[in-house]
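Residue strings, one per chain:
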Amino acid sequence: MSAWYLLHCKPRQEARAKLNIENQGYLTCYPTLNVEKRVAGKRKIVAEPLFPNYLFIQLDPEQANFNALRSTRGVNGFVRFGGKPTKVPDKVIQHLQSLEDTGQEQVVESMFKPGKPVEITEGPFAGLPAVYQLRKSEDRCLILLEMMGKQQQLEINESQLKP
């Protein structure tokens, strides 16, 4: 009877391991989360693994070739407890797959959070600490900057901030 197991992958090679394992005829689950990051000075939406360095695989332990799976490119080996590969409950995998089906995993996590400290990197206020308030448009945001003994609200380009 098939069950879900957890594989440990080499750093940043989860997608490679997934492709190679699926080419061997196994079913995998590789949940991702879209995160906003700054790449080459521009904000981009990047898909990152929900569980870095891990991949779920469904297989029948009596028919699977564990040595071939362990030797697959991108794979370090199975996560084991007591010397046996660890089974993952079906409910966990069903929940992760339902998130993928409904698109809930596509939630974008912003690089900046309201109320969190930021630093201004460009312009006349470069190097000054501020507090991120809210996003006004695609490129602009409001921050609170301590000036003359009180907080002043300032609209600035988000590319001029760093967390």
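Residues numbered from 1 in each chain as written. Predicted model: local features only at pLDDT ≥ 70, side-chain atom pairs only at ≥ 80, totals over all residues. Heavy atoms only, no water.

**Details of the overall build of the protein**
When its secondary structure is counted, the protein shows three helices and 14 strands. Computed over C-alpha atoms, the radius of gyration of the protein comes to 22 Å, more than 25% over the 15 Å expected from 2.2 N^0.38 for 163 residues, which places it beyond the range of a compact globule. In terms of overall dimensions, the protein has a C-alpha envelope of 70 × 30 × 30 Å along the principal axes. Sorting the 163 residues of the protein into buried and exposed places 32% on the buried side. Within the protein, contacts between residues at least 6 apart in sequence are counted, and of these 58% link residues at least 24 apart. In the structure as shown, the protein presents an accessible area of about 10,200 Å², 52% of it carried by carbon and sulfur atoms. (Helix = DSSP H or I, 4+ residues; strand = E, 2+ residues; numbered from the N terminus. Rg over C-alpha atoms; globule rule 2.2 N^0.38 Å. Buried < 20%, exposed > 50% of the residue type's maximum accessible area, 1.4 Å probe, protein only. Contact = heavy atoms within 4.5 Å. Areas by Shrake-Rupley, 256 points an atom, 1.4 Å probe, with all protein chains shown as cover.)

**Here we look at a nonpolar patch on the surface**
On the surface, a nonpolar cluster with roughly 250 Å² of combined accessible area is contributed by Leu50, Phe51 and Tyr54. Here Phe51 shows up in the loop between strand S4 (42-49) and strand S5 (54-59). Given a relative accessible area of 35%, Phe51 falls into the partly exposed group. (Patch = residues over 30% accessible without salt bridge, like charges linked within 9 Å, V, L, I, M, F, W, Y side chains within 5 Å. Salt bridge = Lys/Arg side-chain N within 4 Å of Asp/Glu carboxyl O.)

**Regarding the pattern of salt bridges**
For the structure shown, the criterion picks out four salt bridges. Close ionic contact of Lys136 with Glu155 constitutes a salt bridge, the shortest N to O distance being 3.6 Å. Taken together, the positions of Lys136 in the loop between strand S11 (129-135) and strand S12 (140-147) and Glu155 in strand S13 (residues 150-157) put the pair 19 residues apart, joining distant regions of the chain. Assessed through its relative accessible area of 48%, Lys136 is described here as partly exposed.

**Concerning the domain arrangement of the protein**
For the protein, the domain assignment lists domain 1 (3-102) and domain 2 (116-162). Taken over C-alpha atoms, the centre of domain 1 sits 39 Å from the centre of domain 2. (Domains from an automatic or database assignment.)

**Here's the deal with the sheet that holds strand S14 (residues 161-162)**
What the five strands build is an open sheet, ordered S13-S12-S11-S10-S14; its pairing is antiparallel. Across the chains shown, the open sheet's two edge strands, defined by having one partner strand only, are S13 and S14. Both S11 and S12 contribute to a ladder of four bridges, which runs antiparallel. When the sheet's bridge partners are listed, Arg135 is paired in S12 with Cys141. (Pairing = 2+ DSSP bridges.)

**Here's the deal with unusual backbone geometry**
The phi angle at Arg12 is positive, at roughly 55 degrees, despite the residue not being glycine. By the secondary structure assignment, Arg12 is in the loop between strand S1 (3-9) and helix H1 (14-23). The backbone of Asn53 shows a phi angle near 75 degrees, a positive value even though the residue is not glycine. Residue position: Asn53 is located in the loop between S4 and S5.

**Quick word on H1**
Burial in H1 covers these residues: Glu14, Ala17 and Ile21. Projected onto a plane normal to the axis of H1, the buried residues spread over an arc of 60 degrees and lie on a single side. Exposed residues pointing more than 90 degrees away from the buried face of H1 are listed as Leu19 and Asn23. Check the buried side of H1 and you find it contacts S1, strand S2 (27-29), S4, S5, helix H2 (66-70) and strand S6 (75-78). Of the residues one or two after H1, Gly25 is the one with positive phi, at around 95 degrees. (Arc of directions from axis to C-beta.)

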